[in-house]
Amino acid sequence: MICHYADMHCDTLLRGYSDGAESLYDGTGHINFKKMAEAQQVLQFFAVFFPPEKAFEMRFGRKNPDGSREVPDDESFYRDAVKVLHEAVDRHNDVIALARNRTEVETNRKSGKSSAVLTIEDGRFLNDKISRLIGLYEDGVRAIALTWNHENCLGYPNSTDPEMMNRGLKPFGIEALEEMNRLDILADVSHLNAGGFWDVAKHSHKPFIASHSNCYAITQHPRNLTDEQIRALADQGGIMGLNFFQSFVVPGDTVGKKNLPETTVDMLAAHIEHMYQIGGEDLPALGTDFDGFDGKPEIDGPDKMELLFNRLAKDGFSERTLDKFRYENVLRVLG
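Residues numbered from 1 in each chain as written. Predicted model: local features only at pLDDT ≥ 70, side-chain atom pairs only at ≥ 80, totals over all residues. Heavy atoms only, no water.

Here's the deal with empty space enclosed by the protein
Working step 1: Counted according to the given criterion, the structure contains one cavity of 30 Å³ or more.
Working step 2: Considering only enclosed or pocket space, the largest cavity measures out at about 50 Å³ in volume.
Working step 3: Elements that contribute at least two residues to the lining of the largest cavity include exactly β6 (114–121) and β7 (141–145).
Working step 4: Broken down by element, the residue count for the lining of the largest cavity peaks at three residues, all from β6.
Working step 5: Residue composition of the lining of the largest cavity, by class: five nonpolar, three polar and two charged. (1 Å grid on protein atoms, 1.4 Å probe; cavity = no way out; pocket = protein on both sides within 12 Å on 5 of 7 lines; lining within 4 Å. Points joined across faces, edges and corners; volume = space filled by probe spheres on them. Helix = DSSP H or I, 4+ residues; strand = E, 2+ residues; numbered from the N terminus. Nonpolar A, V, L, I, M, F, W, Y, C, P; charged D, E, K, R; others polar.)

Things to note about helix α1 (residues 12–19)
Working step 1: Burial of α1 is extensive: six of the eight residues sit out of reach of the surface.
Working step 2: The set of residues buried in α1 consists of T12, L13, L14, R15, G16 and Y17.
Working step 3: Of the residues trailing α1, G20 is marked for its positive phi of about 105°. (Buried < 20%, exposed > 50% of the residue type's maximum accessible area, 1.4 Å probe, protein only.)

Some remarks on the pairing of β6
Two faces, one strand: in a regular strand the side chains alternate between the faces of the sheet.
Working step 1: In terms of burial, β6 is a largely internal element, eight of the eight residues being buried.
Working step 2: Residues S114, A116, L118 and I120 line one face of β6 and the alternating positions S115, V117, T119 and E121 line the opposite face, and both faces are buried.
Working step 3: Bridge analysis of strand β5 (residues 96–98) against β6 gives three bridges, and the strand direction is parallel. In the strand pairing of β6, L98 is matched with A116.
Working step 4: Between β5 and its parallel partner β6, the chain crosses via helix α6 (residues 102–110), and the hand of that crossover is right-handed.
Working step 5: With three bridges connecting them, β6 and β7 associate as parallel partners. Bridging from a neighbouring strand, I120 pairs with I144 of β7.
Working step 6: Read from β6 through helix α7 (residues 132–139) to β7, the crossover connection turns out right-handed. (Pairing = 2+ DSSP bridges. Right-handed = clockwise from strand over helix to strand, strands pointing away.)

Describing the pairing of strand β2 (residues 43–49)
Working step 1: Buried residues dominate β2, accounting for seven of its seven residues.
Working step 2: Residue alternation in β2 divides its side chains into two sets, L43, F45, A47 and F49 and Q44, F46 and V48, and both sets are buried.
Working step 3: Alignment of strand β1 (residues 6–7) against β2, held across two bridges, turns out to be parallel. Each bridged residue has a counterpart across the sheet, and for D7 the counterpart in β2 is Q44.
Working step 4: Relative to β6, β2 is paired through seven bridges, and the arrangement is parallel. Its bridge partner being in β6, L43 is matched across the sheet by S115.

A look at the nonpolar core
Working step 1: If you look at the biggest cluster of nonpolar residues, it comprises 83 residues, and the most contacted ones within it are V48 and Y78.
Working step 2: With eight residues, the single largest contributor to this core is helix α5 (residues 74–91).
Working step 3: If we ignore the near neighbours within four places in the chain, the residues touching V48 are L13, F77, Y78, A81, V82, L118, T119, I120 and E121.
Working step 4: Ranked by size, the runner-up nonpolar core spans 18 residues in total, among them L186, I209, Y327 and L331. (Core = buried A, V, L, I, M, F, W, Y, C linked by side-chain atoms within 4.5 Å. Contact = heavy atoms within 4.5 Å.)

Points about the pattern of salt bridges
Where charged atoms of side chains with opposite charge meet at close range, the side chains can pair.
Working step 1: Per the counting criterion, the structure on display carries 22 salt bridges.
Working step 2: R79 is the salt-bridge partner of E75, the closest N and O atoms lying 3.1 Å from each other. You can see E75 and its partner R79 sitting in helix α5, four residues apart, about one turn around the helix.
Working step 3: For R79, a relative accessible area of 41% puts it in the partly exposed group.
Working step 4: With its nearest N and O atoms 2.3 Å apart, the salt bridge here joins D315 to R311.
Working step 5: Look at D315 and you get partly exposed, because its relative accessible area is 39%.
Working step 6: On the accessibility criterion, R311 (25% relative accessible area) is partly exposed. (Salt bridge = Lys/Arg side-chain N within 4 Å of Asp/Glu carboxyl O.)

A few points about unusual backbone geometry
Working step 1: For Q40, which is not glycine, the phi torsion reads 55° and is therefore positive.
Working step 2: Its place among the elements puts Q40 in the loop between α3 (33–39) and β2.
Working step 3: Even without being glycine, D291 reaches a positive phi, approximately 65°.
Working step 4: As for its placement among the helices and strands, D291 is situated in the loop between β13 (284–286) and α13 (306–314).

Written as structure tokens, this is what we have:
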């Protein structure tokens, strides 16, 4: 099923790192280049995610001859992950190409190719070195999630602890945000705590994004955004990517809950419609989190994405508005 869309977050690059570059083309999982090409997907953000050491060792570390798994330092991992993406794109440049801005995305699209944009998940990689941002920009990184689920040099993560949730960005976090604005690297507040969010809203003079976060009014999880946050994000020209992981989608309080129902099209549509009601048509986008969670949502890959937009069309959204949700809002902030 063809669906021209942009997706602001996946963890598929971890599979490429552990299984080899060719797995990005036709490997198992939610996303691969072949599926993207068949669906005529416009754009995919590929995140270099820095897992905690133990999780990395168990799930993603490369196996040594003795059966142990290698856990590289962040710099080595980043370089290897980027190399894997470049290698895979070079091998399959008939269907996909790298992109650093909307002009390059449009050029690729006119050539019948999907676009791959490099991003960072967890600003810990900066390691208090502001100069590192220039190198990341030169590598093609166009968005950085300021935190993941742990404190780092920039700030603090989402939390059920009110004291942790309300801490602001660290001084280096504000300095890094200003440099990201200068370089046109998008600040991503998914995973960031509330205090950090409000500091980004205060100090950023460019649109920022929540690449893969949903609506707290529907699903009460600290990873999701309140209506007040959604309005602030929209007021600053930012966008919000719909996450497909059931913990952030299923209605109600999902914190710590197990055996949640799988994500359905109707659940996803409810979050998009709430984003629209609170933030307007220039806010909603997609940030599936594909290959970053277990389970089998009703939409589990590019080939089924049009099911969501068919559902939204039945609810009365025009094709013009749906095109904004599909990819135009992402292209606007990409620069």
